[in-house]
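Here's the letter readout for the chains.
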Amino acid sequence: MKYINLLIITLLFVACSTNETGIYKKSTEVVNKVEGKIPAPWKNISTEGSDFALKNEKTKSIFLFNSACRKFEASNLNTLTSSILTGLEDLKFIEKKNSFYQEREAAEVLASGKLDGVLRFFKIITVQKNSCIYDYVLISTTLKNIESDTPALKDFLQGIILK
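Within any chain, residue numbers begin from 1 and follow the written order of that chain's sequence. Totals for whole chains, interfaces and linings use every residue, but because this is a predicted model, local features are given only for residues with pLDDT of at least 70 and side-chain atom pairs only at 80 or more, for both listing and counting. As a convention, hydrogens and water are excluded, and side-chain values are obtained from all of the structure's heavy atoms.

**What about the overall build of the protein chain?**
So, step 1. Helical segments are the DSSP runs of H or I of at least four residues, strand segments are the runs of E of at least two, and each set is numbered from the N terminus. Along the protein chain, the regular secondary structure elements total three helices and nine strands.
So, step 2. Taken from N to C terminus, the helices and strands of the protein chain fall in the order α-β-β-β-β-α-β-β-β-β-α-β.
So, step 3. Accessible area is worked out with a 1.4 Å probe on protein chains only. A residue is then buried under 20% of its type maximum, exposed over 50%, and partly exposed in between. Evaluated residue by residue, the protein chain yields a buried proportion of 45% over its 163 residues.
So, step 4. Taking as baseline every contact in the protein chain between residues at least 6 positions apart, the subset at least 24 positions apart corresponds to 54%.
So, step 5. The method behind every accessible area is Shrake-Rupley, applied with a 1.4 Å probe, and residues are considered shielded solely by the protein chains displayed. Of the roughly 8,300 Å² of accessible surface on the protein chain, 53% is carried by carbon and sulfur atoms. In this analysis, two residues are considered to be in contact whenever any of their non-hydrogen atoms come within 4.5 Å of each other.

What follows is the structure, encoded as structure tokens:
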């Protein structure tokens, strides 16, 4: 139940639909090569509004991929990344940096915070391309699990291609 609540909170910030009226819609410009070859111990889970979601059966970490597009999107990457963490208590940024993924500038954040009193760790990579915002999110119960699942996150980043 804790994971479902966390998933729903995370998705509230990026899941929407319709068209050019300023409301977000999902991207159609994504090739997901991970979906066909999910590596063990990761399992596909109900997306609850995300484009794609996986759970590591061993560490209980969750990986989410979300897209949100609207005409003339021009937001700051750091603001977009931080907005995902809105609503968490005792929010602490462990690391913030800019990087590049798929030939685009990206904001990377490692943070911790409490949701319903339960401490969680988040690794978030946010990219903008063609009026769309793309978030790759790893949610874990411990910092050790975030670190052990980061290689899988990097593989997911390479396998979910933004056209």
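**Considering the environment of Ala40**
So, step 1. Tracing the chain through its elements places Ala40 in the loop between β1 (30-32) and β2 (42-44).
So, step 2. The spatial distance from the C-alpha of Ala40 to the C-alpha of Lys58 is 9.2 Å, given a sequence separation of 18 residues.

**Looking at empty space enclosed by the protein**
So, step 1. Cavities and pockets are found on a 1 Å grid laid over the protein atoms alone: a cavity is a set of points where a 1.4 Å probe fits but cannot escape, a pocket is an open set with protein on both sides within 12 Å along at least five of seven lines, and a lining residue has an atom within 4 Å of such a point. Grid points are joined across faces, edges and corners, and a volume is the space filled by probe spheres set on the points. Summed over all chains, the structure comprises two cavities of 30 Å³ or more.
So, step 2. Every residue lining the second largest cavity is listed: Glu95, Lys96, Lys97, Glu108, Val109, Leu110 and Lys123.
So, step 3. Counting only elements with at least two residues in the lining of the second largest cavity, the list comes to β5 (89-101) and β6 (104-115).

**Looking at helix α2 (residues 77-84)**
So, step 1. Those residues of α2 that sit buried are Leu77, Leu80, Thr81 and Ile84. An end-on view of α2 places all buried positions within 95° of arc, on one side of the element. Here, the arc refers to the directions that run from the helix axis to the C-beta atoms.

**Re the nonpolar core**
So, step 1. Judged by nonpolar contacts, the single largest core of 24 residues is most densely connected at Phe63, Phe65, Ile125 and Tyr136.
So, step 2. Listed by contribution, the elements that provide at least two residues to this core are β3 (52-56), β4 (62-69), β6, β7 (118-129), β8 (132-140), α3 (143-159) and β9 (160-162).
So, step 3. In terms of residues, this core owes the most to one element, α3, which gives five residues.
So, step 4. Aside from chain neighbours lying at most four places away, what touches Ile125 is Tyr101, Ala106, Ala107, Glu108, Tyr134, Asp135, Tyr136, Leu153 and Leu157.
So, step 5. Nonpolar cores are built from buried Ala, Val, Leu, Ile, Met, Phe, Trp, Tyr and Cys residues. Side-chain atoms within 4.5 Å join them into one set. With 13 residues, the next largest nonpolar core counts Ala53, Ile84, Val109 and Leu115 among its residues.

**Quick word on the confidence of the model for the protein chain**
So, step 1. In this model, the protein chain carries a mean pLDDT of 84, and residues with pLDDT of at least 70 account for 85%.
So, step 2. Values of pLDDT, which run from 0 to 100, indicate the predictor's confidence residue by residue. Segment residues 1-21: pLDDT under 50, and 47 contacts once partners within four positions in sequence are set aside and those in other chains are kept.

**Comments concerning the pairing of β7**
So, step 1. Counting buried positions along β7 yields 10 of 12 residues, so the element is predominantly enclosed.
So, step 2. Here β6 pairs with β7 via 10 bridges, running antiparallel. By the bridge assignment for β7, Ala111 is matched with Phe122.
So, step 3. Adjacent in sequence and paired antiparallel, β6 and β7 are bridged by two residues, among which Asp116 carries a positive phi angle near 55°.
So, step 4. We treat two strands as partners when DSSP finds at least two bridges between them. Direction of pairing for β7 relative to β8: antiparallel, over a ladder of nine bridges. Note that in β8 the partner of Thr126 across the bridge is Asp135.
So, step 5. Connecting β7 to the next strand, β8, in antiparallel fashion are two residues, including Asn130 with a positive phi near 50°.

**Describing the pattern of salt bridges**
Pairs can form between side chains of opposite charge whenever their charged atoms are close.
So, step 1. Salt bridges are defined by distance alone: a side-chain nitrogen of Lys or Arg within 4 Å of a carboxyl oxygen of Asp or Glu. Enumeration according to the criterion identifies two salt bridges in this entry.
So, step 2. The partner of Lys26 in a salt bridge is Asp51, with the nearest N and O atoms 3.0 Å apart. Placement of the pair is Lys26 in the loop between α1 (2-12) and β1 and Asp51 in the loop between β2 and β3, with a sequence separation of 25 residues.

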